[in-house]
Amino acid sequence: MSRGQTETLDEKHQRLLEAFVLRARRVEEHSLAADWDALVELTRMSINVRVDRGEVRISYELPPEEVVESAAARIRPILLEQEDCFHMKALSALGYICRAAPQDAAWIRAARAEWRTRASPSTRDESGYWVMVADTSTGEERDLDAHGLAMAWIYGDVVHHDPERRKEGDTFGLRDRFRAAVPLVAWAMVGTIELLNFIRALNEAGMLKLRQEVFDEQVALKSTAWEERAEMYYAPIGAQPPSLASSPMPEGWLPLSKASDLSVFRHRIAGQLLRARAR
């Protein structure tokens, strides 16, 4: 569809659902989702308590921060209202399409209510818990709920360097911010994958008409080492480049072969730019 054309309501719903499917499948491919039970357990924020000789000690067992950080990067567009793949936009599109199917409509309403509570809680009770700290030297006291701490980690430590988020969460330290973020990231992943599977079921039942490509297209790399057949050409710096991928190579371009002098690919700063093995 060109920019000048008017999008129908059905086309808009399909566009938003297809955008969600593509991003949700990338979330589904994340390593944290490989063990579903473990991912669900992370949403519950378990705390281990040990009493030793009258002293209470608490401990946490969480995934490495960089693993949760990469998961947060994959889930972030689904949390943002301005993105086409925003979770609530997908639910709204489904709500319109399934308005005449009571059972499906009820599931969508429940999912929408749960998303609002977990992703954007309006009270401390909905947030789950809050942390209070006091500086005994200055008398200053601060408190912040779990959602505020989680947002301080996501937008202050990870995907942005938001000064307001950092100022709000700095008092509590990185560990408190990360500890609060893990259940939110895990829950958002669970909710996203569950909605993705719901969309899959509706599409297979014929209630949706999404393009098959959005379910088949590669969305994440499982391996970052591969080999593929290719034709390579090279030319001196300043040579005219080909105008199109299918165009004949302009004058001065030579095909790479066993006889090619690879010393022309040496750069004084970057070193050897191209290494070849002849067979």
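Residues numbered from 1 in each chain as written. Predicted model: local features only at pLDDT ≥ 70, side-chain atom pairs only at ≥ 80, totals over all residues. Heavy atoms only, no water.

## Examining the overall build of the protein chain
Phase 1 of the analysis: Each helix and strand counted, the protein chain has ten helices and eight strands in total.
Phase 2 of the analysis: Taking 279 residues into account, the globule formula puts the C-alpha radius of gyration at 19 Å, and the protein chain, at 26 Å, lies well above it.
Phase 3 of the analysis: Expressed as lengths along the three principal axes of its C-alpha atoms, the size of the protein chain is roughly 80 × 60 × 35 Å.
Phase 4 of the analysis: Counting every position in the protein chain, which comprises 279 residues, the buried fraction comes to 35%.
Phase 5 of the analysis: The contacts in the protein chain between residues at least 6 apart in sequence include a share of 62% that link residues at least 24 apart.
Phase 6 of the analysis: When the accessible surface of the protein chain is summed, it comes to about 18400 Å², and 49% of that surface belongs to carbon and sulfur atoms. (Helix = DSSP H or I, 4+ residues; strand = E, 2+ residues; numbered from the N terminus. Rg over C-alpha atoms; globule rule 2.2 N^0.38 Å. Buried < 20%, exposed > 50% of the residue type's maximum accessible area, 1.4 Å probe, protein only. Contact = heavy atoms within 4.5 Å. Areas by Shrake-Rupley, 256 points an atom, 1.4 Å probe, with all protein chains shown as cover.)

## Description of the pairing of strand 2 (residues 55-59)
Every regular strand shows the same layout, with side chains that alternate between the two sheet faces.
Phase 1 of the analysis: Pairing geometry for strand 1 (residues 48-52) and strand 2, over five bridges, is antiparallel. Looking at the pairing, Val-51 lines up with Val-56 of strand 2. (Pairing = 2+ DSSP bridges.)

## Overview of the packing of aromatic side chains
Phase 1 of the analysis: Taken as a whole and judged by the stated rule, the model has four aromatic pairs.
Phase 2 of the analysis: An angle of 40° between the planes, with centres 5.1 Å apart, marks the rings of Trp-115 and Trp-187 as tilted. One end of the pair, Trp-115, is in helix 5 (residues 102-119); the other, Trp-187, is in helix 9 (residues 173-204), with 72 residues separating them in the sequence.
Phase 3 of the analysis: Positioned above the aromatic ring of Tyr-96, the side-chain terminus of Arg-99 is 4.1 Å from the ring centre. (Phe/Tyr/Trp six-rings, centres within 6.5 Å; stacked < 30°, edge-to-face > 60°. Lys NZ or Arg CZ within 6 Å of the ring centre and 35° of its normal.)

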